[in-house]
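# Residue-level structural notes
Listed below are the residues making up each chain.
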Amino acid sequence: MANLCQYLVNFSDNLKPSPDLEKRGNLLLDKFLKVICQHSKFKILRVMKAGSMGKKTAISIKIDYDCVFFIDKETDKVKFLDDLDDILTLNFNVSNKQSFNAISFFFEGYFFDFLPGIFVAENPEEQIKNVIALNDNKLKIGLTEATVIFMAEQSSTVHQLARLLKFWSHTVLVPGFFNGRSYTMELFAAMACEESPLDSDLLYCLRVALDKIRNYHKVNKFWLRFYSKEEVARHHVNLEGSQPVLLDPADPSNNLLGADRCLFFEQLAKFSQTTLDRLEAVERGVPQAVLSIFTPQPSVWDTLPNIPRKTENSMFVSHAIQANAETVPFAIQPHVQIQKGTYSINEMLVFAQCFYSMLLSSNGGLDLRENTSQAQSAISACIDTLIFGVAPTKWQPAQETFESREVVLFIPVGNLSYVKIGMDMEKNMAAPELNVPPPKASVYWNYSLE
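Residues numbered from 1 in each chain as written. Predicted model: local features only at pLDDT ≥ 70, side-chain atom pairs only at ≥ 80, totals over all residues. Heavy atoms only, no water.

## Re the overall build of the protein
In terms of helices and strands, the protein carries 13 helices and 15 strands. Classification of the 450 residues of the protein by burial places 56% in the buried group. Across the protein, the fraction of contacts at a sequence separation of at least 24, relative to all contacts at a separation of at least 6, is 72%. Accessible surface, the protein: about 20200 Å² in total, of which carbon and sulfur atoms supply 51%. (Helix = DSSP H or I, 4+ residues; strand = E, 2+ residues; numbered from the N terminus. Buried < 20%, exposed > 50% of the residue type's maximum accessible area, 1.4 Å probe, protein only. Contact = heavy atoms within 4.5 Å. Areas by Shrake-Rupley, 256 points an atom, 1.4 Å probe, with all protein chains shown as cover.)

## Regarding the pattern of salt bridges
Counting across every chain of the model gives 12 salt bridges. Arg-46 serves as the salt-bridge partner of Glu-145, at 2.8 Å between the closest nitrogen and oxygen. Of this pair, Glu-145 sits in helix α6 (residues 144-152) while Arg-46 sits in strand β1 (residues 44-50), and the two are 99 residues apart along the sequence. Like Arg-46, Glu-145 is buried. Asp-211 is paired through a salt bridge with Arg-214; the nearest N and O atoms lie 2.2 Å apart. Pair noted here: Asp-211 and Arg-214 are both in helix α9 (residues 202-214), with a separation of three residues, about one helical turn. Under the relative-accessibility criterion, Asp-211 is labelled partly exposed at 30%. (Salt bridge = Lys/Arg side-chain N within 4 Å of Asp/Glu carboxyl O.)

## Description of the environment of Ser-169
Within the secondary structure layout, Ser-169 lies in helix α7 (residues 156-170). As a C-alpha pair, Ser-169 and Met-185 span 16 residues in sequence and 7.8 Å in three-dimensional space.

## Some thoughts on helix α8 (residues 181-194)
Relative to the 20 Å expected for 14 residues at 1.5 Å per residue, α8 spans 20 Å between its end C-alpha atoms, a close match to the ideal helical length. Among all positions of α8, only Arg-181, Tyr-183, Thr-184, Met-185, Glu-186, Leu-187, Phe-188, Ala-189, Ala-190, Met-191, Ala-192 and Cys-193 are buried. (Expected span 1.5 Å × (residues − 1).)

## Re the side chain of Lys-140
Checked against the element boundaries, Lys-140 lands in the loop between α5 (124-134) and α6. Engagement of the side chain of Lys-140 in a polar contact is seen with the side chain of Asp-251, the distance being 3.4 Å. Ignoring any residue separated from it by four or fewer positions in sequence, one finds Lys-140 in contact with Val-131, Asn-135, Asp-251 and Ser-253. (Polar contact = N/O pair within 3.5 Å; in protein donor to acceptor, adjacent residues only side chain to side chain.)

## A word on the sheet that holds β1
Strand order in the open sheet formed by five strands is β1-β2-β5-β4-β3, with mixed pairing between adjacent strands. With one partner strand each, in any of the chains shown, β1 and β3 (97-98) form the two edges of the open sheet. Pairing geometry for β1 and strand β2 (residues 64-71), over six bridges, is antiparallel. Bridge pairing in β2 places Val-47 opposite Phe-69. Contacts from helix α2 (residues 19-39) reach β1, β2, β4 (103-107) and β5 (110-118) within the one sheet, and its direction differs from that of β5 by about 45°. Strands β1, β2, β3, β4 and β5 of the sheet are contacted by helix α4 (residues 77-92), whose axis makes an angle of about 150° with β5. (Pairing = 2+ DSSP bridges. Axes fitted to C-alpha atoms, helices over the stretch in contact; angles between N-to-C directions.)

The values are spatial; any link to function lies outside them.
This is how it looks when you write it as structure tokens:
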């Protein structure tokens, strides 16, 4: 179906951070790196941009920069991170979250993760192969370059599909967030395109990828780009057994479909079937079905403890607002302000990211970055669909201010502009009683039960 395929292509392209936002983030990263290299007490031998921005697979729901600082093997990692923490605090006044392996922080609308890696070789290919051969967990951060190289060698269709799958992964409320979920979606994209005919379009490859996820237990895939089959066998004795296998192209010991993730994929498999059914409905010409392809699963309105109140004058949507120096973060990634009540900030972020996701989805063929004047009506239509479940309601000017609402969401719409959604909340009587902590929005707007 040509129209649906073009919708998916346009949608995937619109998922990319805009060139302006990417340029702004790159300049900010360059500024960090210049100051760090000037002031570090330790010798930094090489720096590499990794993560989704480095791999060119980022989606605008979360724009983050991963950066690896290669240091000498004699350098104490903890002391290096302490020094890095001091530099960032003194020069940029950022609030850092330091772990044993990295420093993570949010600054001017972007997320950053800075990690130390042990320098082995100047040439990235040599670095990767030496680290794989040594098989030392302390060195494996140095394999990050392999993921960037691997994705750089993939086709444009793989990158388009990777963005679609990562976005789709955002729209399923599956408990049990784990590191590498986004990367796993990228590898499903690479595998699906590789196993599709050469002339396959994006719609065909999406079907193949969802089918692979639905039948994840049958997956047995590894790429011999940086290691040999003998090295695979050294880590995995029974490759032909019943355990699903999706090996990290950068690390033959890392099975991204390991036993600890099977429960997660069991749930994801069910949602992939639903999405395949939705695609089929679109092709049959079911009215409005295209808008439901990426509708959240299961419904957030059946899941979260609190939901927007559905009474008159309980929700307001602003026109597109041009960001100033203080509000730039609102125009880059979804934000929340809780003004009344004792609601969880993470729970409210679920709503912000939900509306943002559906705004992108329902306008797959329209880039609001080029036409922010339509943003208010587009978001109002998303609210009609997601909350009220009816045909477009009558939105009209109101005198009340956003300050009178319990919660205000900030939704980016491009050109460093954002739209505000003001809403009051009420207890969700349909939500199940869960003996777990409140939901947290992390990389994905889903329940994170850790």
